[in-house]
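Letter by letter, the chains look like this.
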Amino acid sequence: EVQLVESGGGLVQPGGSLRLSCVGSGFTFTDYAMSWVRQAPGKGLEWVSIIDSGAVKTSYSDSVKGRFTISRDNAKNTVYLSMNSLKAEDTAVYYCARYDTNWACLDFWGQGTQVTVAS
């Protein structure tokens, strides 16, 4: 059974930092690119970032570029999202998801972790 479990969310002040983690199991982690997607209160899903299976290529949405860094440790089946200079508008539930290159879609999602940026 494919599982993705996020952790690391919480309450942080504006300008602060957090690092989210997502552990994958039930599949060959090194076969898949991994992505982060977020959903702010009352809004739709927003793609945040993606990293390829070999941790060579990354991409970011314009809203987080220069502030967030995606990385992965394939030995630990874990993908990370390091978030710096956090803003109130970064408040959201953050999901990690597996990217299926054959279908060009995010086919499995974690349960999400809440990030709240407030003073």
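Up top you'll find the structure we're talking about.
These numbers come from a predicted model, not from an experiment.

Rules and cut-offs
- Residues numbered from 1 in each chain as written.
- Predicted model: local features only at pLDDT ≥ 70, side-chain atom pairs only at ≥ 80, totals over all residues.
- Heavy atoms only, no water.
- Phe/Tyr/Trp six-rings, centres within 6.5 Å; stacked < 30°, edge-to-face > 60°.
- Buried < 20%, exposed > 50% of the residue type's maximum accessible area, 1.4 Å probe, protein only.
- Lys NZ or Arg CZ within 6 Å of the ring centre and 35° of its normal.
- Helix = DSSP H or I, 4+ residues; strand = E, 2+ residues; numbered from the N terminus.

Visitor: In this structure, what is going on with the packing of aromatic side chains? I would like to understand it.
Guide: Two aromatic rings, taken as a pair, are described by how far apart their centres are and by the angle between their planes. In the structure shown here, the tally under the stated rule is 3 aromatic pairs. When the centroid spacing of 6.0 Å and the interplanar angle of 45° are considered together, the rings of Phe27 and Phe29 count as tilted. Taken individually, Phe27 and Phe29 each receive the classification buried, so the pair is uniform in this respect. Centre to centre, the rings of Phe27 and Tyr32 are 5.5 Å apart; their planes meet at 85°, and the pair counts as edge-to-face. For the pair Phe27 and Tyr32, one class covers both residues: buried. The structure contains a cluster of three or more aromatic residues connected by ring pairs, namely Phe27, Phe29 and Tyr32. A cation over a ring is seen here: Arg98 above Tyr32, with NZ or CZ 3.9 Å from the ring centre.

Visitor: Please explain unusual backbone geometry as it appears in this structure.
Guide: Note on backbone geometry: most residues besides glycine have negative phi, and most peptide bonds are trans. Unusually for a residue other than glycine, Asn77 sits at a positive phi of about 50°. Among the structural elements, Asn77 can be located in the loop between β7 (68-73) and β8 (78-83). The class for Asn77 is partly exposed, based on a relative accessible area of 24%. Its identity is not glycine, yet Ala104 carries a phi of approximately 55°, on the positive side. Of note, Ala104 is situated in the loop between β9 (92-100) and β10 (105-109).

Distances and angles like these do not, on their own, reveal function.
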